[in-house]
Amino acid sequence: MSNHNDVFEHISKSILSGNGIASVEAANKALDSGMSIDEIVTNGILKAWSEFSVWYDKDPKESLKAWLDCFNATQKILQLLESKIGSPKDSPFSVLVVTVLGEGHILMRDIIKTMLRAKGLKVYTSRRGVRIDDVSEALSDPKLKFVVLSCIEPPTEAKLRAFVEGVGEQRKDVKIIAGGPLAGKSGADLIINDLSKLRSSILGHSE
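The structure reproduced in this document is the subject of the present report. (Residues numbered from 1 in each chain as written. Predicted model: local features only at pLDDT ≥ 70, side-chain atom pairs only at ≥ 80, totals over all residues. Heavy atoms only, no water.)

1. Notes on helix 4 (residues 60–83)
Okay, step 1: Compared with the 34 Å implied by 1.5 Å per residue over 24 residues, the 34 Å span of helix 4 between its first and last C-alpha is a close match.
Okay, step 2: The largest bend along helix 4 measures about 40 degrees and falls at tryptophan 67.
Okay, step 3: Those residues of helix 4 not exposed but buried are Ser63, Ala66, Cys70, Phe71, Ala73, Thr74, Gln75, Ile77, Leu78, Leu80, Leu81 and Glu82. (Helix = DSSP H or I, 4+ residues; strand = E, 2+ residues; numbered from the N terminus. Expected span 1.5 Å × (residues − 1). Bend = angle between axes of the 7 residues up to and from the residue. Buried < 20%, exposed > 50% of the residue type's maximum accessible area, 1.4 Å probe, protein only.)

Right under this line is the structure:
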């Protein structure tokens with residue numbers, strides 16, 4: 001277990017140093033050691049961003065200078081992990097994971113997408129923020145059970161509420177989950193800011 005912890009610590013430190021090459025090398029080492037994608041996300045990536053939050057609270061100016069490099073290092077790991085995930089076979093249901101148009105903070109969306117795909121679920125997503133008309137394919141899927149929204153930026157509140165209302169009008173059977181500082185104003189069915197709780201809420205549906 002200590003060896004695993006060392007590998008996770010290496011992933012975390014590589015992200016916080018903004019070193020994309022070292023981050024990918026550390027993630028590859030974790031995969032070669034038999035660690036699951038879920039473990040890498042939870043114990044490596046999320047650990048790094050939890051530490052970044054502490055850093056930000058202590059020194060906003062310096063931490064924000066490093067933010068973009070940390071973000072890019074994380075995205076490189078997510079790209080690696082995504083390359084290891086095959087197309088879902090017999091996915092029990094599907095999930096839509098998005099941010100609304102104008103939301104610039106996309107990292108949590110991408111982490112959630114990878115985490116759920118690694119569990120064998122079909123995940124609809126978009127590289128850019130969406131409006132209700134942009135997700136017609138997902139909303140027409142009878143196996144769609146959840147919509148997950150990461151919502152952080154206050155200027156997107158009106159678009160966020162419009163999106164949630166649009167989903168509710170078209171798919172009353174779908175549960176909408178929102179997380180982030182703006183989640184309480186979204187009108188979503190559930191507000192969940194802890195990724196472990198989010199994972200349990202969604203994966204428990206298939207049990």
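On we go from here.
2. Some points on the sheet that holds strand 1 (residues 94–98)
Sheet strands pair by backbone hydrogen bonding; their relative direction is either parallel or antiparallel.
Okay, step 1: Spatially, the 5 strands line up as an open sheet ordered 2-1-3-4-5, and their pairing is parallel. The open sheet has two edge strands with one neighbour each: strand 2 (122–124) and strand 5 (190–191).
Okay, step 2: As judged from the 5 bridges shared by strand 1 and strand 3 (residues 144–150), these two strands associate in the parallel manner. Counted as the bridge partner of valine 95 is phenylalanine 146 from strand 3.
Okay, step 3: The sheet strands contacting helix 5 (residues 107–118) are strand 1, strand 2 and strand 3, and the helix crosses strand 1 at an angle near 165 degrees.
Okay, step 4: Strands in contact with helix 7 (residues 157–170) are strand 1, strand 3 and strand 4 (175–179); relative to strand 3, the strand with the most contacts, it is inclined by about 175 degrees. (Pairing = 2+ DSSP bridges. Contact = heavy atoms within 4.5 Å. Axes fitted to C-alpha atoms, helices over the stretch in contact; angles between N-to-C directions.)

3. Considerations on the side chain of serine 94
Okay, step 1: Considering the arrangement of structural elements, one finds serine 94 in strand 1.
Okay, step 2: Residue serine 94 is classed as buried on the basis of its relative accessible area of 1%.
Okay, step 3: Excluding residues within four positions of it along the chain, serine 94 makes contact with Lys122, Tyr124, Asp141, Lys143, Leu144, Lys145 and Phe146.

4. Thoughts on the layout of surface pockets
Unoccupied space between atoms shows up once a probe the size of one water molecule is rolled over them.
Okay, step 1: Taken as a whole, the largest pocket holds about 810 Å³ of empty space.
Okay, step 2: In this structure, the largest pocket is lined by 27 residues; those nearest its centre are Trp49, Ser53, His105, Met108 and Ile152.
Okay, step 3: Ranked by the residues each element gives to the lining of the largest pocket, the list is headed by helix 3 (residues 37–58), at 7 residues.
Okay, step 4: Here the residues of the lining of the largest pocket sort into 19 nonpolar, 7 polar and 1 charged.
Okay, step 5: Put simply, the second largest pocket is a space of about 270 Å³.
Okay, step 6: Lining the second largest pocket are 13 residues; nearest its centre among them are Gln75, Arg109, Asp110, Lys113 and Arg127.
Okay, step 7: Counting only elements with at least two residues in the lining of the second largest pocket, the list comes to helix 4 and helix 5.
Okay, step 8: The element contributing the most residues to the lining of the second largest pocket is helix 4, with 5 residues.
Okay, step 9: When its residues are assigned to classes, the lining of the second largest pocket shows 3 nonpolar, 5 polar and 5 charged. (1 Å grid on protein atoms, 1.4 Å probe; cavity = no way out; pocket = protein on both sides within 12 Å on 5 of 7 lines; lining within 4 Å. Points joined across faces, edges and corners; volume = space filled by probe spheres on them. Nonpolar A, V, L, I, M, F, W, Y, C, P; charged D, E, K, R; others polar.)

5. Some thoughts on the pattern of salt bridges
Okay, step 1: On inspection of all chains with the given rule, the structure shows 11 salt bridges.
Okay, step 2: The shortest N-O distance in the salt bridge between glutamate 9 and lysine 47 comes to 2.7 Å. Of the two residues, glutamate 9 sits in helix 1 (residues 2–16) while lysine 47 sits in helix 3, which places them 38 residues apart along the sequence.
Okay, step 3: A relative accessible area of 28% places glutamate 9 in the partly exposed class.
Okay, step 4: For aspartate 173, the salt bridge is made with arginine 171, and the minimal N-O distance between the two is 2.9 Å.
Okay, step 5: For arginine 171, a relative accessible area of 10% translates into the label buried.
Okay, step 6: The network of salt bridges with common partners includes Glu9, Lys13, Lys47 and Glu51. (Salt bridge = Lys/Arg side-chain N within 4 Å of Asp/Glu carboxyl O.)

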